[in-house]
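# Residue-level structural notes
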Amino acid sequence: MFSNIGIPGLVIILVIALIIFGPSKLPEVGRAFGRTLTEFKGAAKGLVSDDEGVKEKQAATVSEQKENESTSTL
């Protein structure tokens, strides 16, 4: 999506942002955007780690069931 935006495009976006928000508000907007991205990345990592935890629990449960079946048939 952003692969076609070069340096001139970024400069134009920065100028438009300066016009809309003004030089005093722009750092605040940047900080808020950075915090939002950080929170999003943290949440995404949390979801991935939760998924891995669920898969590990399922694998452990399956192995326990197989172990119980093999001991009960003896």
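What counts, and where the lines are drawn
Residues numbered from 1 in each chain as written. Predicted model: local features only at pLDDT ≥ 70, side-chain atom pairs only at ≥ 80, totals over all residues. Heavy atoms only, no water. Helix = DSSP H or I, 4+ residues; strand = E, 2+ residues; numbered from the N terminus. Buried < 20%, exposed > 50% of the residue type's maximum accessible area, 1.4 Å probe, protein only. Areas by Shrake-Rupley, 256 points an atom, 1.4 Å probe, with all protein chains shown as cover. Patch = residues over 30% accessible without salt bridge, like charges linked within 9 Å, V, L, I, M, F, W, Y side chains within 5 Å. Salt bridge = Lys/Arg side-chain N within 4 Å of Asp/Glu carboxyl O.

### Overview of the overall build of the chain
Each helix and strand in the chain was counted, giving one helix and zero strands. Relative to its 74 residues, the chain shows a buried fraction of 3%. About 6,800 Å² of surface is accessible on the chain, with carbon and sulfur atoms providing 65% of the total.

### Brief notes about a nonpolar patch on the surface
Taken together, the side chains of I5, I7, L10, V11, I13, V15 and I19 present a nonpolar region at the surface, about 670 Å² in accessible area. Its location among the elements puts I5 in the segment before α1 (7-72).

### Remarks on the pattern of salt bridges
A complete count under the given rule lists one salt bridge for this structure. The partner of K25 in a salt bridge is E28, with the nearest N and O atoms 3.6 Å apart. With K25 and E28 both in helix α1, this residue pair falls three residues apart, about one helical turn. Exposure remark for K25: the relative accessible area of 44% places this residue in the partly exposed category.

Fair warning: the whole summary comes from geometry, so function is off the table for now.
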